[in-house]
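An overview of the molecular structure
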Amino acid sequence: MTTVYDVAQLLKKYGIILYLGKRQWDMEMMEYELTELFKHKILDREVYARARSILKVEIDKEKAKNNVVD
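Since the structure is predicted, the reported quantities are computational estimates derived from the model, not experimental observations. Every chain is numbered on its own, with residues counted from 1 as its sequence reads. Predicted model: local features are reported for residues with pLDDT of at least 70 only, side-chain atom pairs are reported and counted for 80 or more only, and whole-chain, interface and lining totals are derived from all residues. Processing note: side-chain calculations cover all non-hydrogen atoms of the structure and skip hydrogens and water entirely.

1. Details of the overall build of the chain
Quick note on the threshold: Only DSSP runs of H or I covering at least 4 residues are called helices, and only runs of E covering at least 2 are called strands; the numbering of each starts at the N terminus. Our radius of gyration is a C-alpha quantity, and the globule rule it is checked against amounts to 2.2 Å times the number of residues to the power 0.38. The classification of residues rests on relative accessible area computed with a 1.4 Å probe and restricted to protein chains. Under 20% of the type maximum is buried, over 50% is exposed, and intermediate values are partly exposed. In what follows, residue pairs with any heavy atoms lying within 4.5 Å of each other are defined as contacts. Only four residue types enter the charge count: Lys and Arg as positive, Asp and Glu as negative, with His and the chain ends excluded. Throughout, a charge is located at the NZ atom of Lys, the CZ atom of Arg, the CG atom of Asp or the CD atom of Glu.
A count of helices and strands for the chain gives 3 helices and 0 strands. Listed by position from the N terminus, the elements making up the chain come as α-α-α. Against the compact-globule benchmark of 11 Å for 70 residues, the chain has a radius of gyration of 12 Å, which places it among compact chains. Counting only residues that meet the buried cut, the chain has 33% of its 70 residues in that class. Restricting the contact set of the chain to residue pairs at least 6 apart, pairs at least 24 apart contribute 53%. Within the chain, one finds 13 positive and 12 negative side-chain charges whose respective centroids are separated by 1 Å.

Have a look at this one:
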C-alpha cells in the first residue's frame with residue numbers, strides 16, 4: 001500500500017466508499033473510517049499504521065497546496 005488510491009481500495013473491501021467533493025475532506029474521512037475499523041479490531045496495527053501514515057502525508061500536502069494552516 002503506497003497511495004491514497006490503495007487506502008481507498010482497502011476501505012472499499014469493507015464497503016466504505018467516500019466522496020465528499022474535496023480531496024482533503026475525503027482523506028480526512030478515510031482517516032476517521034480507518035480509525036473506526038482499527039478500534040473494532042477489523043484492521044491489524046500494521047495495516048492501520050501504514051494507511052494512516054499515507055493519509056497524513058497527503059493531507060499535509062493538500063493543506064500546504066491550499067495554504068491552510070492547522
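2. Here we look at the nonpolar core
Heads up, the condition is: We define a nonpolar core as any set of buried Ala, Val, Leu, Ile, Met, Phe, Trp, Tyr and Cys residues linked to one another through side-chain atoms lying within 4.5 Å.
Core analysis: the biggest nonpolar cluster contains 15 residues, and V4, V7, L11, M30, L34 and L55 have the highest contact counts within it. Considering every element that reaches this core, the biggest residue donor is helix 3 (residues 45-65), with 5 residues. Discounting residues that sit within four places of it in the chain, M30 has contacts with V4, V7, A8, L11, L18 and L55.

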